[in-house]
Amino acid sequence: MSPSDGLFSGETLVTVRGIYSGLSVNRAHSYELFCVFGDIYTAAVANFASTNGREIATEITCLAPDLPVANEQSTTVSFRVAYGSSANGISSPESKFTYHPSPRLTSVSPSGSNTNGGALVMITGSNFVDVETLSCIFGSTRVNATFINRNQLSCTVPVATS
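Residues numbered from 1 in each chain as written. Predicted model: local features only at pLDDT ≥ 70, side-chain atom pairs only at ≥ 80, totals over all residues. Heavy atoms only, no water.

Undergrad: Can you walk me through the overall build of the protein in this structure?
TA: Within the protein one finds 0 helices and 13 strands. Counting across all 162 residues of the protein, residues that qualify as buried make up 35%. Contacts in the protein between residues far apart in sequence, at least 24 positions, make up 54% of those at least 6 positions apart. (Helix = DSSP H or I, 4+ residues; strand = E, 2+ residues; numbered from the N terminus. Buried < 20%, exposed > 50% of the residue type's maximum accessible area, 1.4 Å probe, protein only. Contact = heavy atoms within 4.5 Å.)

Below, the structure written as structure tokens:
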């Protein structure tokens, strides 16, 4: 499953790849496919491939629902793919999905750089999380960010493109 975390506000596109034993979804019944975050069921979409003369789901995608919470702490819930109606259906092995509060940006230093790139930019704020997809965007160029702590990140400015 990827990614294994997202924001409390939901809308994170989650992709599950592979074929689960006992979760043989066919195209005719793919409307019965769900992702389950904790106890919240969301619709899922399957991509199919032909294997040994039959079509089976090899990739399943769904959007994480929002998770209203009373605090600003990350919260982990169970995650599984379910096939069939409600809790009586077949499901995949259980995984975990972690919800995080939205990051808040308070400062960027320095606020400008030359077009040659290479300058280190420090980003200060709160609720930063060390995830694989952590990045900074300069114009239309995305670069990897370095997680320092929950309140600070750094990124190297790329060479400017015209």
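Undergrad: Would you explain the pattern of salt bridges in this entry?
TA: If charged atoms from side chains of opposite charge come close, those side chains can pair. Under the counting rule described, the total for this entry stands at 2 salt bridges. Close ionic contact of Glu59 with Arg17 constitutes a salt bridge, the shortest N to O distance being 2.9 Å. Highlighted residues: Glu59 in strand β5 (residues 54-63) and Arg17 in strand β2 (residues 13-17), separated in sequence by 42 residues. Exposure remark for Glu59: the relative accessible area of 18% places this residue in the buried category. Given a relative accessible area of 55%, Arg17 falls into the exposed group. Glu94 is the partner of Lys96 in a salt bridge, and the nearest nitrogen-oxygen pair spans 3.7 Å. Each of the two residues, Lys96 as well as Glu94, counts as exposed. (Salt bridge = Lys/Arg side-chain N within 4 Å of Asp/Glu carboxyl O.)

Undergrad: Whenever I open this one, the side chain of Ser154 confuses me. Can you help?
TA: Relative to the helices and strands, Ser154 resides in strand β13 (residues 152-156). For Ser154, a relative accessible area of 9% puts it in the buried group. If near-sequence neighbours (up to four positions away) are discounted, Ser154 is found in contact with Leu120, Val121, Met122, Ile123, Ala145, Thr146 and Ile148.

Undergrad: Where do I start with the pairing of β13 in this structure?
TA: Residues in a regular strand point their side chains to alternate faces of the sheet. The pairing of strand β10 (residues 120-126) with β13 spans 5 bridges and is antiparallel. Bridging across to β13, Met122 finds its partner in Ser154. (Pairing = 2+ DSSP bridges.)

Undergrad: How should I be thinking about the nonpolar core in this particular structure?
TA: In globular proteins that are soluble, nonpolar side chains generally tend to be buried together. Grouped together as the largest cluster of nonpolar side chains are 20 residues, with contacts concentrated most on Phe37, Ile60, Phe79, Phe97 and Tyr99. Secondary-structure elements contributing two or more residues to this core are β2, β3 (33-37), β4 (40-51), β5, β6 (75-83) and β8 (95-100). When residues in this core are grouped by element, the largest group, 4 residues, is from β6. Those residues within four positions of Phe79 in sequence are excluded, and the remaining contacts are Met1, Val14, Val16, Cys35, Val36, Phe37, Cys62, Pro93, Glu94, Ser95, Lys96 and Phe97. Ranked by size, the runner-up nonpolar core spans 10 residues in total, among them Phe128, Leu134, Val143 and Leu153. (Core = buried A, V, L, I, M, F, W, Y, C linked by side-chain atoms within 4.5 Å.)

Undergrad: What's the story with the sheet that holds β10 in this structure? I'm lost.
TA: Each strand in a sheet pairs with another by means of backbone hydrogen bonds, the pair being arranged parallel or else antiparallel. Pairing is antiparallel in the open sheet, where 5 strands are placed in the order β9-β10-β13-β12-β11. At either margin of the open sheet sits one strand with a lone partner, and together these are β9 (104-109) and β11 (135-138). Put simply, the sheet's adjacent strands are angled 30° from each other on average, direction ignored. Two elements, β9 and β10, share 5 bridges in a ladder whose sense is antiparallel. Counted as the bridge partner of Val108 is Ile123 from β10. (Axes fitted to C-alpha atoms, helices over the stretch in contact; angles between N-to-C directions.)

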